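Observations on chain architecture
Here is how the chains run, residue by residue.
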Amino acid sequence: MAQFFVEPASITRAAEAGATLRRGFEVKFVPQGSLVASVSGGDSMIRLTDLIAYELQRKEWTDDELADLPPDLREQARQEGYTDKVEVGRVSAGEPLFVHPGLHVQGMLEFTAGVPGPRSVTGTLVVESSGERVDVPLVFVIGGVRVEFLVDPVVGVRNDEVAVPVRVSLSGGAPTNDIVLGSADPWIDVPDHTVSVPESGSVTTTLRLQVWQFAPLGPLPANLWVKGFFDHVEVVPYKVTVVASAQSVVASQRIQEKVAVLGEGPPGARTPVSEVEAAGGGGFVQRYTTGNVYWHADTGAKWVYGAVVTKYLQLDGPAGLLGFPVADEVATAGDGGRMSAFQGGSIYFSTRSGACEVHGKILDHWRARGAETSYLGFPTLDQQGNMSRFERGTVQLQDGEFSFDVSDARDIKTGVVHVDGAAANGWAELMVSSTGGWQYKGSMRSTGVLSYDVLMVVTMDLRPFGGPVLTFAEDGDVEGTLVFGGNRAHTWDQFGMDDRVKDNFELIRGVRWSAAFTVDFGPGDLLAVVASVVGVPLAAIAMFFGGAFFGENVKVCGRYGHMYYDPVAGESSEERGVVFVPKGEPCPPGTFC
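Residues numbered from 1 in each chain as written. Predicted model: local features only at pLDDT ≥ 70, side-chain atom pairs only at ≥ 80, totals over all residues. Heavy atoms only, no water.

Overview of the sheet that holds strand S6 (residues 82–91)
What counts here: One requirement defines pairing of two strands: DSSP has to find at least two bridges between them. By definition, any uninterrupted DSSP run of H or I lasting at least four residues is a helix, any uninterrupted run of E lasting at least two residues is a strand, and each is numbered from the N terminus. Angles here are taken between N-to-C directions and fall from 0 to 180 degrees, while the axes themselves are lines fitted to C-alpha atoms, restricted in helices to the stretch in contact.
The sheet built from five strands is open, its strands ordered S1-S3-S8-S5-S6 with antiparallel pairing. At either margin of the open sheet sits one strand with a lone partner, and together these are strand S1 (5–7) and S6. Taking each pair of neighbouring strands and ignoring which way they run, the sheet shows an average axis angle of 30°. Looking at chain direction, strand S3 (residues 20–28) and strand S8 (residues 104–112) are connected through eight bridges and run antiparallel. Bridge assignment links Phe25 to a residue of S8, and that residue is Gly107.

Section: the side chain of Asp405
Selection criterion: For the purposes of these results, a polar contact is taken to be a pair of N or O atoms within 3.5 Å, where, inside protein, one atom must be able to donate a hydrogen and its partner to accept one; residues adjacent in sequence count only when each atom of the pair is a side-chain atom.
Along the chain, the position of Asp405 falls in strand S29 (residues 402–407). A distance of 2.8 Å separates the side chain of Asp405 from the side chain of His365, its partner in a polar contact.

Some words on the state of the cysteines
As a reminder, the rule being used: In this description, a disulfide is simply a cysteine sulfur pair whose atoms lie within 2.5 Å. Here's how the labels work: a residue is buried when its accessible area is under 20% of the maximum for its type, exposed when over 50%, partly exposed in between, all with a 1.4 Å probe on protein chains only.
Taken as a whole and judged by the stated rule, the model has one disulfide. Here Cys557 pairs with Cys587 through a disulfide, and the sulfurs are 1.9 Å apart. Taking the sign of the S-S torsion, about -80° here, the bridge from Cys557 to Cys587 comes out left-handed. Linking Cys557 in strand S39 (residues 554–566) with Cys587 in the segment after strand S40 (571–582), this pair joins segments that are 30 residues apart in sequence. A residue is classified by how much of its surface remains accessible, and Cys557, at 8% relative accessible area, is buried. Residue Cys587 is classed as partly exposed on the basis of its relative accessible area of 29%.

Concerning the pairing of S8
On any regular strand, side chains alternate: one points to one face of the sheet, the next to the other face. Judged from the eight bridges that link them, strand S5 (residues 46–59) and S8 form a sheet pairing that is antiparallel. Residue pairing in the sheet places Ala53 in a bridge with Val105 of S8.

Some points on the sheet that holds strand S28 (residues 393–398)
Pairing is antiparallel in the open sheet, where five strands are placed in the order S27-S28-S29-S40-S39. In this open sheet, the two strands that pair with only one neighbour each are strand S27 (387–390) and S39. Strand-to-strand, the axes of this sheet are offset by a mean angle of 30°, without reference to chain direction. The pairing of S27 with S28 spans four bridges and is classified as antiparallel. Bridge assignment links Arg389 to a residue of S28, and that residue is Thr394.

Everything listed here is a matter of coordinates, which is why it stays silent on function.
Here it is as structure tokens:
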């Protein structure tokens, strides 16, 4: 007679902490005599509850039972009866169960996951009879597997395949395992997909759902099979919204695929707050807690979020002049800003300026100047017709073709300055531009018979704000009436370009200035003399002298009216800016000096 054995030959179960599971087994080729079953090991978390013997017995149908059967089956049922499994013996772990061939013997194991407890325990189910012994390895894992669908709803297209992102996680102390996901529902098929999940970790992967050609339209229940380190199949229910093939379906697929790429778009949970909806112009949008995903056949699926999407919607979104996004939002090259590009323009954002729109030839001109890294900085207002306002100037358009930038400028005029005890006076005018350009001009003269060495200095002290003392100086000599034919006046008009002006222009806008006019200041280095006259340490002075005007590639065109906007105060005003253009390009009509 064949030796008895136990099915299954090994048992592995898994449960979350605190849960209790049961698992049956069966003894095959039941011997004559007694069977004793027990569990060795298991850390008190695995125990044998029962070992039961059953006998198959023929029984007769009662009249009431026959009456419930179809009429054509009643006579056969009356003659044949039915077979029932009747319990003939039951024992606990370690107790003998008397058996003989022909009986059916089954046992029940109970697995209880302690709180707290070890991550896994092992044991052995031992079944013995007349000197024969069968060992069944037991493994109990404290932990489980979870599958989370990362898109909602899951939209499937008849006779097509759709990519669906899911997150597979092992909880508790579940060890590293290969988890197999798949299903074969009546209308939806998911080919087996294996993913290796690290111990107590999670992995995001993509399933390929295949929807049958004649699947019913609308929400359809489905089940995902999850097979892993446990010896049974977990079932995760979900729903698929089945739709006919159309552009809206393509949009849903592409948006789902976009959202599934966690390295793109905004951080945080991506919980949908709307269905996929028409956005106008043949495109679609789905809104999430962290932003919106827009899709159009010409642009694909793109994220728009944060302050940029707020501005985008204020400008009528895809139905406005910007159209659909052509790229995801990206970081700008300067000052931690953000930018989104659209079919009709771009939206730029910085914490100083907020989110603003720029488009067309003005956008092209600004980018050619270096965009936000140029002296102009970020836009501070949405483009208004033929002008866009930036942090330190404007870009304007004439006749729809000719674009040019107008830098912000500050003008300082000293008026006539006299010197006590000397028959001399002078005046100076200083213009500084956000480009770094400057113009310093004026005149000093003798008003009597005496001649003088003269010096005119204009200063702006930026030291309280961490900057230098910007100093513009001009020296010369003027002759009185005692000198026949002498130069009664010293006149100058100097130009220059200096990054110290550009880099400090925001401070220059409002800082107080001072002017000093002196005569007969004596010999010495001019810088030291200036420091003495204005009462500032020599090391703090940033001295400006006239030189090559703006280098070889830039020229000044003169003054041009434009708008200044203060984003903090929310106030605007008309000002005269300064226009610079590359040499070889024409100055815009209307510039004046």
